[in-house]
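One letter stands for each residue in the lines below.
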Amino acid sequence: MTRKESLTLQYFRTLKKYQQLTPEGHKKLDHFERGFEGELAFDHMLEQIDVHPLAHYRNWQYQDAYIEIDSLLIFPSSLCLIEVKNYRAKVSCQDRRWSFNNYPGERDICQQLLKSQLFLENLLAEHQFSINLEAKIYFANPYNYPDLDDSVTKNVLLPHQAKDFFQSLSQEKFNPEINSLCRLLEEIQSQSCLKEEIALNKFNPGFHCKGCGDQVQIFHYYMICSCGRKISKDEAIIELINDYALLFPSCTLNAFAIYCFACKEVGYHKIEEILQHNFIYIKGKNPREFLNPYNSK
């Protein structure tokens, strides 16, 4: 199974097409892009060392406790929690105080890991599972190899340590409780949801290139961007509807709203036809309303 971008990363990438991001918005986008790159690097590393866990839950979430785990791996008798870090800095730690060569002051980068670890420990105890739990921060960027002391080495996994660590977990004797644990994790896992964050200052609607974000030229059957990307008009309308749905997750979809969002550059009836063929009808007649796939309610 391929790891998917988080909804928050999709949101900021889409928002960048339609308005100039604030410095804080650019910072958030960079943070989520680096995080996703690190998670992909972790997945690639598992493939390279030829380790195959019984199950691999990517971006596992439990909304009731605000838990989000980058990778949750199931081995024959162990549950392994991985928090991926992909800093553009050299990291060091003394007495559990983390510092960075390009950032003033100190940070506690173990907080999310320890919160998730405590949640899983309580979950295992509540259901009386005798299953080993491992919790590690994985530094995906080779430049990150941290200067560590003994206070945190048990919670850190470096790329050159990964093969031996995961192979040892793979060779454990099978614990039948693992099957029950997998069913439980799938049962309580929350669907990804997105809070509406959009600010409409200097918002620039219309058709934009998915690749570079520039506005496109519209022809009778297709649309083309100055970067060379060319797609059919139907594909462009579907992209635009998906962008609208992601930016306004609390809104249902209807042809008139999409028609205005498209700056009336394509026909109203064409938009309604594409909604009918690609989205779930809810109610109404003029306009018809369709389900927003990003609405978590």
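Look above for the structure.
Conventions we followed
- Residues numbered from 1 in each chain as written.
- Predicted model: local features only at pLDDT ≥ 70, side-chain atom pairs only at ≥ 80, totals over all residues.
- Heavy atoms only, no water.
- Pairing = 2+ DSSP bridges.
- Helix = DSSP H or I, 4+ residues; strand = E, 2+ residues; numbered from the N terminus.
- 1 Å grid on protein atoms, 1.4 Å probe; cavity = no way out; pocket = protein on both sides within 12 Å on 5 of 7 lines; lining within 4 Å.
- Points joined across faces, edges and corners; volume = space filled by probe spheres on them.
- Nonpolar A, V, L, I, M, F, W, Y, C, P; charged D, E, K, R; others polar.
- Expected span 1.5 Å × (residues − 1).
- Buried < 20%, exposed > 50% of the residue type's maximum accessible area, 1.4 Å probe, protein only.
- Core = buried A, V, L, I, M, F, W, Y, C linked by side-chain atoms within 4.5 Å.
- Contact = heavy atoms within 4.5 Å.
- Axes fitted to C-alpha atoms, helices over the stretch in contact; angles between N-to-C directions.

Enquirer: Give me the sheet that holds strand 7 (residues 132-139): which residues, what numbers.
Expert: Ordered by their spatial adjacency, five strands build an open sheet running 1-2-3-7-8, and the pairing between neighbours is mixed. Strands at the two margins of the open sheet, each flanked by one partner only, are strand 1 (55-62) and strand 8 (156-157). Of the pairings in the sheet, the one linking strand 3 (residues 78-85) to strand 7 comprises eight bridges and is parallel in character. Following the sheet pairing, Leu79 is matched in strand 7 by Leu133.

Enquirer: Lay out the layout of surface pockets with the relevant residues and their values.
Expert: Within this model, the second largest pocket holds a volume of roughly 450 Å³. Along its surface, the second largest pocket is lined by 18 residues, and Gln10, Arg13, Thr14, Lys17 and Lys210 are the ones closest to its centre. Of all the elements in the fold, those that place two or more residues in the lining of the second largest pocket are helix 1 (7-18), helix 2 (23-48) and helix 6 (233-247). Counting residues per element, the lining of the second largest pocket draws most heavily on helix 1, at five residues. Within the lining of the second largest pocket, the residues separate by chemical class into five nonpolar, five polar and eight charged.

Enquirer: Explain helix 6 residue by residue, including any values.
Expert: Since one α-helical turn is 3.6 residues long, residues separated by three or four positions face the same way. With 15 residues, helix 6 extends 21 Å between its outermost C-alpha atoms, agreeing within 8% with the 21 Å of an ideal straight helix rising 1.5 Å per residue. The buried fraction of helix 6 is high, at eleven of 15 residues. Every buried residue belonging to helix 6 is among Lys233, Ala236, Ile237, Glu239, Leu240, Ile241, Asp243, Tyr244, Ala245, Leu246 and Leu247, and all of these are buried.

Enquirer: Any details on the nonpolar core? Residues and values, ideally.
Expert: Formed by 39 residues in total, the largest nonpolar core has its most connected members in Phe207, Ile241, Leu247, Leu253, Phe261 and Leu275. The greatest single-element share of this core, amounting to eight residues, is contributed by helix 6. Other than its neighbours up to four places away in sequence, Leu275 contacts Ile241, Leu253, Asn254, Ala255 and Phe290. If you look at the next biggest cluster of nonpolar residues, it comprises 36 residues, including Ala55, Ile69, Leu79 and Ala89.

Enquirer: For the sheet that holds strand 9 (residues 217-218), give the residues involved together with the corresponding values.
Expert: Spatial strand order, 9-10-11: three strands in an open sheet with antiparallel pairing. The open sheet is flanked by strand 9 and strand 11 (230-232), the only strands paired with a single partner. Bridge count between strand 9 and strand 10 (residues 222-224): two bridges; the pairing is antiparallel. Bridge pairing in strand 10 places Gln217 opposite Ile224. Across the sheet, helix 6 lies against strand 9, strand 10 and strand 11, angled at about 90 degrees from strand 11, the strand it touches most.

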